[in-house]
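# Coordinate inspection notes
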Amino acid sequence: NTDDPEWKVSWDAAREFANSKNYKEAITHYRNVLALKPNIEEVKWELSKALVEVGAYQESSVLLENLLETDGRQVTYLITAGRVAMLAGNPEQATNFFGQALEVAPDGKMAVDAQKGFVEGLIAQGKIAYALPLMEQLLVKGEITAELVRATAKFALDTGDLQKSAYYYRQLIEKYRVNPDTLLEAASV
């Protein structure tokens, strides 16, 4: 529409570029919108996601933290901030964001995403003993994948729980096709 203000035209263009995965152009247009209208939360959110796509994690993180100052209980922001922190190599910060998301929304699909991120952050920190019961909770919740079952079996073995490890390796072998390396791991238990 030719009557739309400049910021709206730029925002529409940013969205079109983002939808076509031309993130660099989208970022330019999102920044133009923020220069004209610095307080539109949705523009900051969309810009933060585009920045992640081009690997600009630090800048995305700053925007997400700004959004969280406005609405610290927004689970989507918390989970995205956790993912960005993981991508940026900061698992401690990531587990903090994922943990906050779990406190705000302990149930539902978002809670599962937050718990998966929390587990990933703990594993990245080498806190296997803390991650293991949370991995088992995910399995109980029905988030069953061969990767999660294998990791749970392996971490149970690493923490010395041979019975639990054998149980999960048995589940893995019975339900999934496994490669020879996994069979060797299972045989060692």
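Refer to the structure printed above.
Treat the numbers as computed from the prediction; the structure is a model and nothing was measured.

Attention shifts here to helix α9 (residues 146-158). Between its first and last C-alpha atoms α9 spans 18 Å; for 13 residues at 1.5 Å apiece the expected length is 18 Å, and the two agree. Among the residues of α9, those classed as buried are L148, V149, T152, A153, F155 and A156. On its buried face, α9 is in contact with α7 (109-124), α8 (128-140) and α10 (162-175). Among the residues trailing α9, G160 stands out with phi positive, at a value near 90°.

Turning our eyes to something else, we now look at α8. Its 13 residues place the ends of α8 18 Å apart at the C-alpha level, agreeing with the 18 Å of an ideal helix rising 1.5 Å per residue. All of the buried residues along α8 are I128, A131, L132, L134, M135, E136, L138 and L139. Structurally, α8 contributes buried residues whose contacts are with α7, α9 and α10. Of the residues flanking the end of α8, it is G142, one or two places downstream, whose phi is positive at about 95°.

Turning our attention to the packing of aromatic side chains. On inspection of all chains with the given rule, the structure shows 3 aromatic pairs. A centroid spacing of 5.1 Å and a plane angle of 45° characterise the contact between W45 and Y77, whose relative ring orientation is tilted. Note that W45 is positioned in helix α3 (residues 41-53) and Y77 in helix α5 (residues 75-87), a separation of 32 residues in sequence. Note on accessibility: W45 and Y77 belong to one class, buried. Ring centres of Y167 and Y168 lie 5.0 Å apart, and the angle between their planes is 75°; on these two criteria the pair is classed as edge-to-face. Under the relative-accessibility criterion, Y168 is labelled buried at 11%.

What counts and how
- Residues numbered from 1 in each chain as written.
- Predicted model: local features only at pLDDT ≥ 70, side-chain atom pairs only at ≥ 80, totals over all residues.
- Heavy atoms only, no water.
- Helix = DSSP H or I, 4+ residues; strand = E, 2+ residues; numbered from the N terminus.
- Expected span 1.5 Å × (residues − 1).
- Buried < 20%, exposed > 50% of the residue type's maximum accessible area, 1.4 Å probe, protein only.
- Contact = heavy atoms within 4.5 Å.
- Phe/Tyr/Trp six-rings, centres within 6.5 Å; stacked < 30°, edge-to-face > 60°.

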